[in-house]
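Chains, contacts and geometry: an overview
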Amino acid sequence: MALVEESSQDSLQVYVELWHQSLCYTKSMALAVALDLRIPDAIHHHGGGATLPQILAETALHPNKLRALRSVMRALTVFGTFSVQQPPTSGDDPTVDASGEAVYRLTAASRFLVSDEVSSATLASFLSLALHPIAVAPHTLGMCAWLRQEQNEPSPYALAFRQTTATIWQHADDVNALLHKGMVQDSRFLMPIVLRECGEVFHGIDSLVDVAGGHGGATAIIAAAFPHLKCSVLDLPHVVAGAPSDGNVQFVAGNMFESIPPATAVFLKTTLHDWSDDDCVKILKKCKQAISPRDAGGKVLILDMVVGYGEPNIKHLETQVMFDLYIMSVNGAERDEQEWKKIFNEAGFKDYKILPVVGTPLSVIEVYP
């Protein structure tokens, strides 16, 4: 309880710092992937500035991997390996690619990453030697192999560890136990902050379903803060079987891709980032069927990252793009506002509102039917 009671600004900074340190290996992984795909050479061959489609073509990746390449380049841009020039919102700019695509450029750092076929002033082999433990680690090998394959399955994780299952936690009791314990601990720290900063999103609703809510760590805190709220958790049967039986949260065994119990609102805490855009649309369509009309308080509440949204904060942004690389290992993604908006529109929702959770890399998104 001490962590919850001491959730001051200092505690929030520590929370983000620990996330950041835990994910720092993805910086080295992204650099190893860039060298493996010879991305610096690809940009050099286009005069030092290339769009994503041009980089995709030069690296001989399948068009299905454009989204993943965008994530890799977004991260390497945040880390300073490359720079990016976004297309203008209006007017003509002769320095921007005529296609309207963002242009990625070599920096002082990435000019040293071209191969020795391009320049004798290169450190590519030296850095590849330094990165060798990372480059030959299963996660990096799996990511490179996945980027080069046409399809999205098997996932980078499955390729890395030669698993036949789609995700890390399927049929792995030890990882399952760690996952649910970890999510409960995260909720114990994070949810009081979410309620303090964005608690108004739970006003005016009578019932709430936490979809893929695990053992109900987040839902129990919401139920305690709003005693009038009828709260339930939907998750797979093997997850619900291990959930606590006490408390004021009801657990429902089911599958969010098939049906979601009716409620005023649906809550999704760091759930959608595990899934592809197409799967997110399917999940949100089921959510839309389950919730009340907007004039009766109906909405979907999403607690997740909105990359680059809110006040500029380099530690938050680095954490977001590093987590994007991490979650890519199971074919997930962290999304910016435009990527979220596209998903909401395709799922049939009419409006949304983003509320950053101050002091964290997360936001609450209210999505309205």
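Shown above is the structure to which this text applies.
An account of the accompanying structure is given in this report. Note that this is a predicted model, so its numbers are computed, not measured.

Cis geometry marks the peptide bond from E153 to P154, where omega comes out at 0 degrees. Among the secondary structure elements, P154 is positioned in the loop between helix 9 (138–148) and helix 10 (156–161). The phi dihedral of R38 is positive, around 55 degrees, even though this residue is not glycine. Along the polypeptide, R38 turns up in the loop between helix 3 (25–37) and helix 4 (39–44). For R38, a relative accessible area of 36% gives the class partly exposed. The phi dihedral of T270 falls on the positive side, at around 40 degrees, and the residue is not glycine. Within the fold, T270 resides in the loop between strand 7 (265–269) and helix 14 (277–290). The buried category is assigned to T270, whose relative accessible area is 17%.

Right, let's talk about a nonpolar patch on the surface for a bit. A cluster of nonpolar side chains, F112, L123 and F126, forms an exposed patch at the surface whose accessible area comes to about 300 Å². According to the relative accessible area criterion, L123 is partly exposed, its value standing at 37%.

Whether parallel or antiparallel, the strands of a sheet pair through hydrogen bonds between backbone atoms. Reading across from one edge, 1-3-2 is the order of the three strands in this open sheet, with antiparallel pairing throughout. Whereas interior strands pair on both sides, the edge strands pair on one side only; in this sheet they are strand 1 (49–50) and strand 2 (82–85). Summarising the sheet, strand 2 and strand 3 (residues 103–106) pair through four bridges and their orientation is antiparallel. Its bridge partner lying in strand 3, Q85 is registered against V103. Across the sheet, helix 6 (residues 66–78) is in contact with strand 2 and strand 3; its angle to strand 2 comes to roughly 110 degrees.

Another aspect to go through is the nonpolar core. Core analysis: the biggest nonpolar cluster contains 73 residues, and F202, L208 and I222 have the highest contact counts within it. If we skip the residues at most four places from it in the chain, L208 touches F202, I222, L229, K230, C231, S232, A263, A265, V266, F267 and L301. If you look at the next biggest cluster of nonpolar residues, it comprises 28 residues, including V266, L268, F349 and V367.

The next subject is the sheet that holds strand 10 (residues 362–368). The seven strands lie next to each other as 6-5-4-7-8-10-9, forming an open sheet whose pairing is mixed. Every interior strand has two partners, whereas the edge strands, strand 6 (249–253) and strand 9 (351–356), have only one. Put simply, the sheet's adjacent strands are angled 20 degrees from each other on average, direction ignored. Judged from the five bridges that link them, strand 7 and strand 8 (residues 299–305) form a sheet pairing that is parallel. Paired with K269 across the two strands is L303, which belongs to strand 8.

Here the focus is helix 16 (residues 337–346). For helix 16, the set of buried residues is E339, W340, I343 and F344. Buried residues in helix 16, looked at end-on, bunch into an arc of 135 degrees, giving them a common side. Those residues of helix 16 that are buried lie in contact with helix 6, helix 14, strand 8, strand 9 and strand 10. At the N-terminal end of helix 16, a side-chain oxygen is found 3.2 Å from the backbone nitrogen of Q338, two or three residues along, and the residue is D336. The positive-phi residue at the C-terminal boundary of helix 16 is G348, with phi of around 95 degrees.

Let us look at the environment of T122. Position of T122 relative to the elements: it lies in the loop between strand 3 and helix 7 (124–130). Between the C-alpha atoms of T122 and D295, which are 173 residues apart in sequence, the distance is 62 Å. Apart from residues no more than four positions distant in its own chain, T122 is found in contact with F112, L113, V114, S115 and D116. Here F112 takes part through its backbone oxygen, which lies 3.3 Å from a polar atom of the side chain of T122. Within the structure, the side chain of T122 is placed 2.4 Å from the backbone oxygen of V114, a separation counted as a polar contact.

One can describe the packing of helix 14 onto helix 16 by two numbers: an axis separation of 9 Å at closest approach and a directional angle of 50 degrees. Our classification of the angle between helix 14 and helix 16 gives oblique. Considering the relative orientation of helix 14 and helix 16, their crossing is right-handed. Residues D277, C280, V281, L284 and K285 of helix 14 form the contact with helix 16, whose participating residues are I343, F344 and E346. Classifying every residue of the contact of helix 14 with helix 16 gives five nonpolar, no polar and three charged.

Quick notes on the rules
- Residues numbered from 1 in each chain as written.
- Predicted model: local features only at pLDDT ≥ 70, side-chain atom pairs only at ≥ 80, totals over all residues.
- Heavy atoms only, no water.
- Helix = DSSP H or I, 4+ residues; strand = E, 2+ residues; numbered from the N terminus.
- Buried < 20%, exposed > 50% of the residue type's maximum accessible area, 1.4 Å probe, protein only.
- Patch = residues over 30% accessible without salt bridge, like charges linked within 9 Å, V, L, I, M, F, W, Y side chains within 5 Å.
- Areas by Shrake-Rupley, 256 points an atom, 1.4 Å probe, with all protein chains shown as cover.
- Salt bridge = Lys/Arg side-chain N within 4 Å of Asp/Glu carboxyl O.
- Pairing = 2+ DSSP bridges.
- Contact = heavy atoms within 4.5 Å.
- Axes fitted to C-alpha atoms, helices over the stretch in contact; angles between N-to-C directions.
- Core = buried A, V, L, I, M, F, W, Y, C linked by side-chain atoms within 4.5 Å.
- Arc of directions from axis to C-beta.
- Polar contact = N/O pair within 3.5 Å; in protein donor to acceptor, adjacent residues only side chain to side chain.
- Parallel < 35°, antiparallel > 145°, perpendicular 65-115°, else oblique.
- Left-handed = near helix turned anticlockwise from the far one by under 90°.
- Nonpolar A, V, L, I, M, F, W, Y, C, P; charged D, E, K, R; others polar.

The values are spatial; any link to function lies outside them.
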